[in-house]
Amino acid sequence: MQSGHWQADLDVPPTLFAAHMRALVEGGYTVVTAGEVIQRLQDRREFPPKTVCITFDDGYRNNFSNAFCELQRCGFRASFFVVTDYIGSGRRFAWLSTKRTDRSHIEDSHIWEPLRWTDVLEMNAAGMEMASHSCTHADFSELEPEEMRREVSDSRRALLMRLGDSVSRVFVCPFGAEAATAKQLISVLHENGYVGAFTGRTGAVGPTSDPFDLPRLTVYHDDSVAIFLRKVDGAYDWLMWFQTVWLRVTQGRQRLKNRKGGNHAGTESRNPLAGEKL
Ligand SMILES: [Zn+2]
């Protein structure tokens, strides 16, 4: 299972993912889509206790081949944020890297494959929420406003053309977004009919969350069921504070590197506990 930018430690093996999902069923959790989260925030309705939203980023084929069946078995609807130019292309995602990764726990030899449109159609027909994660997975901090507009509008249009009005109005920003980028992005999202976004913060959504700056928690490939449930139950929400400090440090380092003429390749600031996302 994948989320964010491909790193082996973010791939939850199918058997573990099944155990995570079973734990949600047995624990009596309510699973909602990202669109339903936004709707509740807009309506100022309280979230029922034990409410969880499961999201997947990028659009890897194993979202269909592994996660989809398990979600259906459990009666859950999840939200899939896909990079539309890659769907059905058979191309390897440009941001994938084999460096620094231990792939020994990955059984799926087709780990690099993007979803196909037939997968997306089937998942959508089964009630999964399909949403945009841009056209190309560009680093939005490096885009001109016009390019940002294209990434946001064309990606949703590509989904709308095939899926119709069921396409989500929630967006996930590739690589997350710093404050200045987020401000510009939110205005572009408003222009294009979006109602909310995940911008890269770590934490849980609450009644006062900003719909355009929603946080998430990441599940790692080796998160036991106990750790998974602790995350779901809010034991790691303090990371919102920690991530702020972490991002300041890493962004400071990046700026320094840029001034020295280093390569700003759009690598995501890796938060220390940053799978599927909740
Ligand atoms: Zn991504």
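Note that the structure is predicted; figures quoted are calculated from it, not measured. (Residues numbered from 1 in each chain as written. Predicted model: local features only at pLDDT ≥ 70, side-chain atom pairs only at ≥ 80, totals over all residues.)

Trainee: Explanation requested: the overall build of the protein chain in the structure shown.
Mentor: Across its full length, the protein chain carries eight helices and eight strands. Going through the 278 residues of the protein chain one by one, you find that 42% of them count as buried. (Helix = DSSP H or I, 4+ residues; strand = E, 2+ residues; numbered from the N terminus. Buried ≥ 20, exposed ≤ 12 C-beta atoms within 10 Å, placed from the backbone.)

Trainee: What is the right way to look at the environment of glycine 203 in this model?
Mentor: Residue position: glycine 203 is located in the loop between β7 (196-202) and β8 (214-216). A residue is classified by how many C-beta atoms lie within 10 Å of it, and glycine 203, with 20 of them, is buried. C-alpha separation for the pair glycine 203 and threonine 218, spaced 15 residues apart in sequence, amounts to 9.2 Å.

Trainee: Could you clarify how one ought to interpret the pairing of strand β3 (residues 55-58) in this entry?
Mentor: The two faces of a sheet get side chains in turn, since along a regular strand they alternate between them. In this sheet, strand β4 (residues 79-82) lies alongside β3 in parallel orientation, the contact comprising four bridges. Across the sheet, residue threonine 55 finds its bridge partner in β4, namely serine 79. Assessed by its sense of winding, the connection that carries the chain from β3 through helix α3 (residues 62-74) to β4 is right-handed. (Pairing = 2+ DSSP bridges. Right-handed = clockwise from strand over helix to strand, strands pointing away.)

Trainee: How should the packing of helix α5 (residues 145-163) against helix α6 (residues 179-191) be read in this particular structure?
Mentor: Two packed helices can be described by the angle between their axes and the distance between those axes. Running from N to C, α5 and α6 cross one another at 50°; their axes reach a closest spacing of 10 Å. In this view, α5 runs oblique relative to α6, as classed from their interaxial angle. At the point where α5 passes α6, the crossing takes the right-handed sense. Across the interface between the two elements, Pro145, Met148, Arg149 and Val152 of α5 pack against Gln184, Leu185, Val188 and Leu189 of α6. The residue inventory of the contact of α5 with α6, partitioned by class, reads six nonpolar, one polar and one charged. (Axes fitted to C-alpha atoms, helices over the stretch in contact; angles between N-to-C directions. Parallel < 35°, antiparallel > 145°, perpendicular 65-115°, else oblique. Left-handed = near helix turned anticlockwise from the far one by under 90°. Contact = placed C-beta atoms within 7 Å. Nonpolar A, V, L, I, M, F, W, Y, C, P; charged D, E, K, R; others polar.)

Trainee: Could you clarify how one ought to interpret the pairing of β7 in this entry?
Mentor: For β7, a buried count of seven out of seven residues is recorded, marking the element as mostly surrounded by other parts of the structure. Taken together, the three bridges between strand β6 (residues 170-172) and β7 define a ladder with parallel strand orientation. Across the sheet, phenylalanine 171 pairs through a bridge with alanine 197, a residue of β7. Tracing the backbone out of β6, into α6 and back to the parallel element β7 gives a crossover that is right-handed.

Trainee: Explain unusual backbone geometry here, please?
Mentor: For residues that are not glycine, phi is negative in most cases, and the peptide bond is trans in most cases. Of note, aspartate 58 is a non-glycine position whose phi angle comes to about 90°, a positive value. Among the structural elements, aspartate 58 can be located in strand β3. If you check the backbone angles, serine 134 has positive phi at about 85° while not being a glycine. As for its placement among the helices and strands, serine 134 is situated in the loop between β5 (129-132) and α5.

Trainee: Help me understand α3, please; the structure alone is not making it clear to me.
Mentor: Working note: α-helix, 3.6 residues per turn, so residues spaced by three or four point in the same direction. Taking 1.5 Å per residue as the helical rise, α3 with its 13 residues ought to reach 18 Å, and the 17 Å between its terminal C-alpha atoms agrees with that figure. A maximum bend of about 35° is found in α3 at phenylalanine 68. For α3, the complete set of buried residues consists of Asn62, Asn63, Phe64, Asn66, Ala67 and Leu71. The secondary structure elements touched by the buried residues of α3 are α1 (14-26), β3, β4 and α4 (117-125). Looking at the residues trailing α3, positive phi occurs at glycine 75, about 75°. (Expected span 1.5 Å × (residues − 1). Bend = angle between axes of the 7 residues up to and from the residue.)

Trainee: Would you take a moment to explain the environment of leucine 214 for this structure?
Mentor: Take leucine 214: it is sitting in strand β8. Considering only alpha carbons, one finds leucine 214 and valine 37, 177 residues apart in sequence, at a separation of 9.7 Å.

Trainee: Would you mind going over the nonpolar core with me for this structure?
Mentor: Nonpolar side chains tend to gather and get buried jointly when the protein is soluble and globular. Core analysis: the biggest nonpolar cluster contains 61 residues, and Phe80, Met130, Phe171, Leu185, Leu189 and Ala197 have the highest contact counts within it. The contact partners of methionine 130, leaving out residues within four places of it in the chain, are Phe80, Val82, Val120, Met123, Asn124, Leu159, Leu163, Val167 and Ser168. (Core = buried A, V, L, I, M, F, W, Y, C linked by C-beta atoms within 7 Å.)

Trainee: I tried to follow the environment of arginine 201 on my own but got confused; where do I start?
Mentor: Tracing the backbone shows arginine 201 in strand β7. What makes arginine 201 buried here is the crowd of 20 C-beta atoms within 10 Å. Distance from arginine 201 to arginine 216, taken between C-alpha atoms, is 6.4 Å for residues 15 residues apart in sequence.

Trainee: Sorry, what's going on with the packing of α1 against helix α7 (residues 225-232) here?
Mentor: Taken N-terminus to C-terminus, the directions of α1 and α7 make an angle of 50°; their axes are 10 Å apart at the nearest point. With respect to their mutual orientation, α1 and α7 come out oblique. Crossing geometry of α1 relative to α7 is assigned as right-handed. Along the contact surface, α1 presents Ala19, His20 and Ala23, while α7 presents Val225, Phe228 and Leu229. In the contact of α1 with α7, the residues fall into five nonpolar, one polar and no charged.

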